[in-house]
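A structural walkthrough
Residue strings, one per chain:
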Amino acid sequence: MNNTLDNHPNNGFKKNQQMRFFVFFLSMIGSHFCNIKPNRHRNFILLLMIKYIFSLSLLLLSTFAVGQGWERTYGGGGQDAANAVAQTPDGGYILVGKYNLTQLLLMKTDDNGNLQWSKNYLNLATASGVVVSSDGGYVIAGTLNGNILLMKTDAFGNQLWLKTFGNASAETGLGLVQTADGGFAIVGKRAGTVPSLLVVRTNALGNQLWINSYGQPENPVEFAGVDVASNGDLVISSDKKVGNTPNPKDIYVARIDNASGQVIWENAFPFTSTAGFQGNEEPHDVSVGDDGSIFVTGFTSTFNSNGGDGFISKIASDGSSILWTKANFNFVQFYGIEIADNGDIFACGYKSFFTGLDDVYILHTDPNGNTIWETKAGKGGFDVGNAVIATPDGGCVVAGSSEPYVSGGSIESKTYLVKTDANGLIFTSYIRGHIFNDANLNCLLDSEETNLEDWIVVISGDDFTRYAVARDNGTFDVAVDTGLYSVHLITPNVYWKTCTPTIDVLVPAFYDTIDFEVPVRADELCPRNEVDVATPILRRCEENTYNIRYCNSGTTASPNTYVVVNFDAGLIVTSSSISGLPLGNNSYRYDVGTLNNGQCNSFQVKALLDCATTTEGQTHCVTAHIYPDTFCQPLLGWDGAFIVAQAICINDSVRMILTNTGIGGMGTPLGFVIAQDVVMLTPPPSDPNALQFQLGMGENATVWTQPSDGKTYRIIAEQSPGYPGVSLPTAAVEGCISDTSSAFVSQGFYTMFPEDDADAFVATDCQQSAASDYNPIYLKRGHPKGYDVPHYVTPETDLDYLIQFRNTGADTVQQVIIRDVLSIALDPATVLPGASSHPYTLNIFGNGIVEFTLSNIQLPPGGSASEGFVRFRVSQKPDLPCNTKIYNRAAITFDFEAPVITGETFHTVCEFDSFIIITKTKNIFQKGADLKVYPNPAQDVATFELTGVEANTYSLQIYDIQGRLIDHHFYNNPTFRLFRHQLPAGTLFYRLAADGKPVASGTLLIK
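Conventions and cut-offs
Residues numbered from 1 in each chain as written. Predicted model: local features only at pLDDT ≥ 70, side-chain atom pairs only at ≥ 80, totals over all residues. Heavy atoms only, no water. Helix = DSSP H or I, 4+ residues; strand = E, 2+ residues; numbered from the N terminus. Buried < 20%, exposed > 50% of the residue type's maximum accessible area, 1.4 Å probe, protein only. Contact = heavy atoms within 4.5 Å. Areas by Shrake-Rupley, 256 points an atom, 1.4 Å probe, with all protein chains shown as cover. Salt bridge = Lys/Arg side-chain N within 4 Å of Asp/Glu carboxyl O. Pairing = 2+ DSSP bridges. Axes fitted to C-alpha atoms, helices over the stretch in contact; angles between N-to-C directions. Core = buried A, V, L, I, M, F, W, Y, C linked by side-chain atoms within 4.5 Å. Disulfide = S-S within 2.5 Å. Lys, Arg positive; Asp, Glu negative; His and termini not counted. Polar contact = N/O pair within 3.5 Å; in protein donor to acceptor, adjacent residues only side chain to side chain. Phe/Tyr/Trp six-rings, centres within 6.5 Å; stacked < 30°, edge-to-face > 60°. Lys NZ or Arg CZ within 6 Å of the ring centre and 35° of its normal.

Let us now look at the overall build of the chain. The helix and strand inventory of the chain stands at 1 helix and 74 strands. Expressed as a percentage of its 1007 residues, the buried residues of the chain come to 56%. Expressed as a percentage of contacts within the chain between residues at least 6 apart in sequence, the contacts between residues at least 24 apart total 62%. As displayed, the chain has an accessible area near 40,400 Å², and 50% of this comes from carbon and sulfur atoms.

Encoded structure:
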């Protein structure tokens, strides 16, 4: 696995590494069910349930979104426009409208407005409404060759069925809603000698149930809207002709029965100015609030005959009256309205400037119509927002069209999508850079100089930090506001150097894109090979696939590259995707040839976890080491010693061995620690009484022996000062017992500490085995696990996260997107991608969202092939205070379905020296007795567990260094707890007795 410390913004190896404790946490994901009892309103309740689950999914996904405003344009070369928009289950957007005036347009984006696919259908067709069906597909309403259109597609836009309605060849579909029974209602109009307002009602398959006309006969309807009330009734709105007056239109609203189409009530509402003038009202859209109130928006000339005003009106749920009207939006034409879950109102349209440069206008009000904010967006020509939806983050999305410039001839318009944040802010400017390898060292882009991809960039300004990853063409871009920004490139290792460490970029105006080059040169010609190995779940008695990913992030090619993989004794290699050469001791060599700089690849090895020689829950490790693994930078201040640890079980005993495999002898003694399960048996290296060792070049020593008792033992040693990498010598042995022993074998402690794989060229995967039928759907695993219940890790401990997924559906999944929102305690600039089941594209954006896109993976349903995973490593931010909590979870999206959220991992940061109860020594006075004090060290409370002695009363006495008794406790059980607040700081002595007879004694260090 890559070494994240090498990628820290200081671009240097961390030297003189102190001893650190790594931990591992496995979050078990449980199922959640919603049980709804059937009743006579089952279909309606089912629809509400689907809507609730969909809304909940979007709310959860909003946690994984950037949350900033943006704008996007699509298409060009014709006259394109979006007339309606809906949020999709995956948090993205589906847009419908027209393509070059003549064809129906259907377009899918992700939640950041990035286009995922676009399709156009049918000649002489346009779309005006869209809903997301319960199966994740889309239902579109519009017009086809003079008839009302209803079309269904799947989630990828493939047409499933098509229906048309009407017989006068003069019908137009204007709006669409899904009804309580899963069917649809289309509002439209019929032109001709008897014009009318129409509603077509269908079932879920698009088959017509009824079609009715509403309003006054011979009413020249221009606009219409439709929504569904909470009880399932339909509410429609349009303009209505008023006699033969010069200003002929009022607001028309009707509430109709969903099942029959019969009018429940209908009413017309004129506006009257203070001078008694009644102008022309053009209602464009309608939305129903949770309390049944009806909100209508549009345009009126009643209050301002010189240009008119946009208006929003609230109408009583029974249609009896207008409760209030806001019509103070001068020169605004409203086309869309939506009521958010909290009752706030979002409306959109355009604001006229009488210059042909009209802009999209977006309004956010409270439930009483009082303006919270208003904002505009647009390009060079006429821009309009036709539809608006509220988003879970408190902002909204508006769809419409934009003219990039004012044309003297034919007009070009593009599909336009605008996202605001909760404050109405829209970033319209961009910082865009291009990273390349400055081969001739002149800090200028010359011909044939190559692009550098997957490099992380940090863009920061006042109260603003965003991240980006360079694409395969070396470019990156970030939407920003106006202002001054600093661009900092994170080089992957010390062999690269930027011409300028930080690039200052001024963005002076809106709709401005600042382009610049980022030259990077080789500071030293050296390959830097990196490797990672992982399998998502280690199943006993099953064939497990280990994925080995390797890269060269150095400045030059790596010839004759190979990976040595060592497998646990319980694993039997059965096959591999590339040839492997057996080396003995269950190790294999895999030659990968020349690895160019910047190149990554992977191979897979299948290994059977043997049933006969292993037990469930036992820990098994696989280690990968890539060669060449040499360091090229000057080795200053290093004595040449390189310490490797071994833990072996032999002749019924545990032996800890340290070896110096370096090119020189140790200049000074170093310390080591021995741990048993969760108990530290020896003082830490910082203690004056710590155990030490000193080895010459090539020497080894057995520094600790222990009779086998089934416990887990680990050695952690200091590495030679000045070593140019970040190795932490450590090794462990689990379950060492004799063949005839009946001792209990402890499990789960092995993975509490890290393996010696901090250097980029070494990676280890250690896992407890699971049953062969263990098939979690969405697993999130954090490593290391953490010490004690709070999962303590020391500052600067790097964290590995593995996210596993499974296709449990009935269809093949084409794409999986995984988003992981990093805790603010983690540094996004240090993210290093690791092994995975499928190729992926990495992106880091926003304040720290890590995104893996696994495209075209064709993940089948069911079986072992339905499983996949990704893994990455990230470092903590420096100087985190003690007890900082690090939480982490991920969202997994299959194709365009609603995302699933993994369980949450957590760690607690604390310095090793801040632990306050440390058992330094232990003496046992009774034969067969044993005392365990854990966790050791402890934070607030330590547990004393006495075994091998039966008594009625147990007593614990605490003495200070002068021998004075400072605390005395009595217990009825041999297991009890000692709390920190009961003790003063310093070195103390304890004495444990059973029925008054001495059993054990020792020392405690209280911090």
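With that settled, consider the pattern of salt bridges. Applying the stated rule across the entire model yields 21 salt bridges. One salt bridge in this structure joins D591 and R589, with 3.0 Å as the shortest N-O distance. According to the relative accessible area criterion, R589 is partly exposed, its value standing at 26%. Connected through shared salt-bridge partners, D111, R819 and E851 make up one network.

Looking now at the sheet that holds strand 22 (residues 322-330). Spatial ordering of the open sheet is given by 19-20-21-22, a layout of 4 strands whose pairing is antiparallel. Here the strands that pair on one side only, and so sit at the sheet edges, are strand 19 (281-288) and strand 22. Averaged over all pairs of adjacent strands, the angle between strand axes in this sheet comes to 20°, irrespective of strand direction. The pairing of strand 20 (residues 294-300) with strand 21 (residues 309-315) spans 7 bridges and is antiparallel. Paired with G298 across the strands is F311, a residue of strand 21.

Within the largest apolar cluster, 37 residues are counted, with the highest numbers of intra-cluster contacts made by F805, V816, I818, F852, I892 and F894. Element by element, the count of residues in this core is highest for strand 57 (residues 799-806), at 4 residues. Beyond its immediate stretch of four places on either side in the chain, F894 contacts Y778, F805, R806, N807, V813, Q815, V816, L859 and V900. Listed in part, the 28 residues of the second largest apolar core include V573, F603, V762 and A763.

So, about unusual backbone geometry. For residues that are not glycine, phi is negative in most cases, and the peptide bond is trans in most cases. The step from Y627 to P628 runs through a cis peptide bond, and the omega angle for that step is 0°. One non-glycine residue, N856, lies in positive phi territory at about 50°. Considering the arrangement of structural elements, one finds N856 in the loop between strand 61 (849-854) and strand 62 (867-876).

Our focus in this paragraph is the pairing of strand 20. The element strand 20 is largely enclosed, with a buried count of 7 among its 7 residues. Going residue by residue along strand 20, you find I294, V296, G298 and T300 tucked away on one face and F295, T297 and F299 tucked away on the opposite face as well. When strand 19 meets strand 20, the two strands line up antiparallel, connected through 7 bridges. If you follow V286 over to strand 20, its bridge partner there is V296. Between strand 19 and strand 20, which pair antiparallel in sequence order, lie 5 residues; one of them, G292, sits at a positive phi of approximately 95°.

Bringing the environment of C766 into the picture now. If you trace the backbone, C766 turns up in strand 54 (residues 762-768). In this structure the C-alpha to C-alpha distance between C766 and A534, which are 232 residues apart in sequence, comes to 8.7 Å. If sequence neighbours within four positions are ignored, C766 has contacts with T619, H620, C621, Y750, T751 and E755.

This next bit is on the state of the cysteines. One pass over the structure, following the stated rule, counts 7 disulfides. C348 forms no disulfide, and the closest cysteine sulfur to it belongs to C396, at a distance of 7.8 Å.

As for its position among the elements, T953 is in the loop between strand 69 (941-947) and strand 70 (954-959). A C-alpha to C-alpha distance of 5.2 Å links T953 and D995, two positions 42 residues apart in sequence. Apart from residues lying up to four places away in sequence, T953 is in contact with F970, Y971, A993, A994 and D995.

To continue, consider the side chain of R72. Mapped onto the elements, R72 comes out in strand 2 (residues 70-74). An unpaired buried charge is present at R72: no salt bridge exists, and D110, the closest side chain of opposite charge, is 6.6 Å distant. Within the structure, the side chain of R72 is placed 2.8 Å from the side chain of Y430, a separation counted as a polar contact. Those residues in contact with R72 that sit more than four places away from it in its chain are N112, G113, N114, T415, Y416, L417 and Y430.

Relative to the helices and strands, T555 resides in the loop between strand 39 (543-552) and strand 40 (558-567). The exposure class assigned to T555 is buried, which follows from its relative accessible area of 7%. Other than its neighbours up to four places away in sequence, T555 contacts Y495, W496, A522, E524, L525, C526 and N597.

For a regular strand, side-chain orientation follows a simple rule: the groups alternate between the two sheet faces. Across the 5 residues of strand 55 (residues 779-783), 5 count as buried, placing the element largely inside the fold. Here strand 55 pairs with strand 57 via 5 bridges, running antiparallel. Among the inter-strand pairings, H783 is bridged to a residue of strand 57, identified as D800.

Before going further, it helps to spend a moment on the packing of aromatic side chains. A full pass over the atoms with the stated rule returns 36 aromatic pairs. With centroids separated by 6.4 Å and ring planes inclined at 65°, the aromatic side chains of W70 and Y93 adopt a geometry described as edge-to-face. In this pair, W70 sits in strand 2 while Y93 sits in strand 4 (residues 93-99), placing the two residues 23 residues apart along the sequence. What makes W70 buried here is its relative accessible area of 3%. Accessibility expressed as a relative area gives 2% for Y93, which makes it buried. Members of the aromatic cluster, connected to one another through ring pairs, are Y546, Y550, F567, Y588, Y590 and F603. Above the ring of Y361, the side-chain terminus of K351 is found at 5.8 Å from the ring centroid. The ring of Y562 carries the charged tip of R589 above its face, separated from the ring centre by 3.6 Å.

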